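Chain by chain, the residues:
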Amino acid sequence: MIKKILFTLLVFFNVSFVFAQFDNISIIGQFSNWSVDVPLVTSDGVTYTLASHNFGATGGAKFRKDNDWATNWGAATFPTGTGVQGGSDIPVPAGTYDVVFNKDTGNYVFTEVESVFDNIGFIGGFNTWTESVAMITFDGIQYTKDDFYFSENDVKFRKDNAWAVSWGGNTFPAGEAVLNGNNIPLTSGFYNVAFNYSGLNYTFIQVPVSIIGDGAQGWETDIALPTSDGGVTFSLENIQLVDGFVKFRTNASWGTNWGSNAFPSGTATQNGDNIPTLAGTYNITFNRLTGEYNFANLGVADFQSAKAKVYPNPSNNVWNFSVNNEVIENVQLIDITGKIILNQNNTSEVMTLDGTSLSNGIYFAKIKTNSGLQTVKLVRN
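This one's a predicted model, so the numbers in the text were calculated from it and none came from an experiment. (Residues numbered from 1 in each chain as written. Predicted model: local features only at pLDDT ≥ 70, side-chain atom pairs only at ≥ 80, totals over all residues. Heavy atoms only, no water.)

J.: Tell me about the overall build of the protein chain, and please be specific about residues and values.
T.: What the protein chain contains, in helices and strands, is one helix and 38 strands. The buried share of the protein chain, reckoned over its 381 residues, is 44%. Within the structure as shown, the protein chain displays about 18500 Å² of accessible surface, and the carbon and sulfur contribution to it stands at 53%. (Helix = DSSP H or I, 4+ residues; strand = E, 2+ residues; numbered from the N terminus. Buried < 20%, exposed > 50% of the residue type's maximum accessible area, 1.4 Å probe, protein only. Areas by Shrake-Rupley, 256 points an atom, 1.4 Å probe, with all protein chains shown as cover.)

Below you can see the structure in the form of structure tokens.
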């Protein structure tokens, strides 16, 4: 009898535990530089809430499941709306909000509330000492502002956008904050800023810029680009690339990234296309203010001597490929976002690719022969 009771209780607790497992829903956006998910809480697995959260930067935000983009909700309206799968970024103004999200319907509500934390910001030569830039905090102790451009020297921290309580310091890029102290001797550039309200110390870390993509070392591995002028221009010498795509980004995060469909040089734009690359060794330069970049070719792989030919190009319907009498084994057709839209095997020296079902625009063909891979640009009229 006792064993039966214990068994029944065990089953009950196991079932209760199973039913208590709800989906992990979070919110991510410009307020966290698209790099940190903030979890929402739920008691029923349907309605999720977030109380008194400080959105310290105006910009887009989205709800998502399991901290992953496979399932995400967005819409173009604020403070209320109905999020749809893969929808637009929700335009959230800077402020403190209670957030409610219904996972089943996609409905959401942002209700502005008075912040439970003190308002800490910074002011300086970059804005002629006119108004503090608010910083983000999740605990009222550590305040941050990522990827901020200081166009002029000197800065101070202050409370409530007023001079009644302010902090300065004598050292840069890190130091002890001094109440009503001297201007912190910041030098212009891009920085991740942190201020500890409890310990009264600060740091200014130069914003890293990297290159990422399957044209370099994969979409999971950032390669840092050195800078010598405060994080405006970046360069990287003697890097080996392969046929593929890359993008530039900051803080190893997609919050700020640049791309373009031009290679080996061009002007990248925020959230632009993946940059197509060809195999070879390059010196890379990038200016994050203008978006201008250049991949200076120091030498390509041997197989590039077997130059691929494509005709007609531009084309209204089909493209024909040949590579110096070599057998073409495979051709992948890739759109400007990097998505493979056609993968066709072949066993002859000439190959025809039918593009009649494609939209007009720019595509890339990755051609595989016994000598290696080559990528050519295609235009569909």
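J.: So what's going on with the confidence of the model for the protein chain? Which residues, and what values?
T.: On average, residues of the protein chain score 88 in pLDDT, and 92% of them are at 70 or above. Predicted confidence for residues 300-305 stays below pLDDT 50, and this span has 14 contacts to residues more than four positions away or in other chains. (pLDDT = per-residue confidence, 0-100. Contact = heavy atoms within 4.5 Å.)

J.: Account for unusual backbone geometry, naming residues and giving values.
T.: Following F263, the chain continues to P264 via a peptide bond in cis, the omega torsion being 15°. At the junction of Y311 and P312, the peptide bond is cis and its omega measures out at -15° in the coordinates. When you line up the elements, P312 lands in the loop between β32 (309-311) and β33 (318-322). We note that D66 has phi near 55°; this positive angle belongs to a residue other than glycine. Along the polypeptide, D66 turns up in the loop between β5 (59-65) and β6 (68-74). Residues other than glycine seldom take positive phi values, yet N324 does so here, at roughly 45°. Looking at where N324 falls in the secondary structure, it is placed in the loop between β33 and β34 (328-335). The partly exposed category is assigned to N324, whose relative accessible area is 42%.

J.: A description of the packing of aromatic side chains should follow, citing residues and the corresponding values.
T.: Throughout the structure, instances matching the rule amount to 41 aromatic pairs. Look at F122 and F150: their rings are 5.3 Å apart centre to centre, the planes differ by 40°, and that puts the pair in the tilted class. Placement of the pair is F122 in strand β12 (residues 120-124) and F150 in strand β15 (residues 142-150), with a sequence separation of 28 residues. Geometrically, the ring pair formed by F263 and F295 is tilted, given 5.2 Å between the ring centres and 45° between the ring planes. Of this pair, F263 sits in the loop between β26 (257-259) and β27 (265-267) while F295 sits in strand β31 (residues 292-299), and the two are 32 residues apart along the sequence. The exposure class assigned to F295 is buried, which follows from its relative accessible area of 2%. (Phe/Tyr/Trp six-rings, centres within 6.5 Å; stacked < 30°, edge-to-face > 60°.)

J.: An account of the pattern of salt bridges is needed here, citing residue identities and associated values.
T.: The full count for this structure, using the stated rule, is seven salt bridges. Among the ionic pairs, D23 bridges to K65, the shortest N-O distance being 3.8 Å. Separated by 42 residues along the polypeptide, D23 in the loop between α1 (2-19) and β1 (25-29) and K65 in strand β5 bring together distant segments of the chain. You can call D23 partly exposed: its relative accessible area is 28%. You can call K65 partly exposed: its relative accessible area is 26%. The partner of D37 in a salt bridge is R64, and the shortest N-O contact between them spans 2.6 Å. Here D37, found in the loop between β1 and β2 (38-39), pairs with R64, found in strand β5; they are 27 residues apart in sequence, far enough to count as distant. (Salt bridge = Lys/Arg side-chain N within 4 Å of Asp/Glu carboxyl O.)

J.: Give a description of the side chain of R249 that names residues and reports values.
T.: Mapped onto the elements, R249 comes out in strand β25 (residues 244-250). Looking at R249, the relative accessible area reads 6%, which means it is buried. Non-local contacts of R249, meaning those with residues more than four positions away in its chain, are made with P208, V209, S210, I212, D222, W254, T256, N257 and W258.

J.: Give a detailed account of the pairing of β25, specifying residues and quantitative values.
T.: Among the seven residues of β25, seven are classified as buried, and the element is accordingly described as predominantly covered. Residues of β25 alternate between two faces, with G244, V246, F248 and T250 on one and F245, K247 and R249 on the opposite face, all of them buried. By the bridge criterion, four bridges tie strand β22 (residues 209-213) to β25 in an arrangement that is antiparallel. Counted as the bridge partner of V209 is T250 from β25. In terms of strand pairing, β25 meets strand β29 (residues 275-277) through three bridges, oriented antiparallel. Within β29, the position partnered with F245 by the bridge is P276. (Pairing = 2+ DSSP bridges.)

J.: Could you give an account of the sheet that holds strand β11 (residues 107-112), naming the residues involved and the relevant values?
T.: The sheet built from five strands is open, its strands ordered β3-β4-β10-β11-β7 with antiparallel pairing. Looking at the sheet topology across the chains shown, the edges are occupied by β3 (41-42) and β7 (80-82). Examined bridge by bridge, β3 and strand β4 (residues 47-55) share two bridges and lie antiparallel to one another. Bridge assignment links V41 to a residue of β4, and that residue is T49.

J.: Describe the environment of V133, with residues and values.
T.: Tracing the sequence through the fold places V133 in strand β13 (residues 133-134). C-alpha of V133 to C-alpha of G355: the two residues are 222 residues apart in sequence and 51 Å apart in space. Setting aside its immediate chain neighbours within four residues, V133 contacts I120, G121, F122, F126, K145 and F148.

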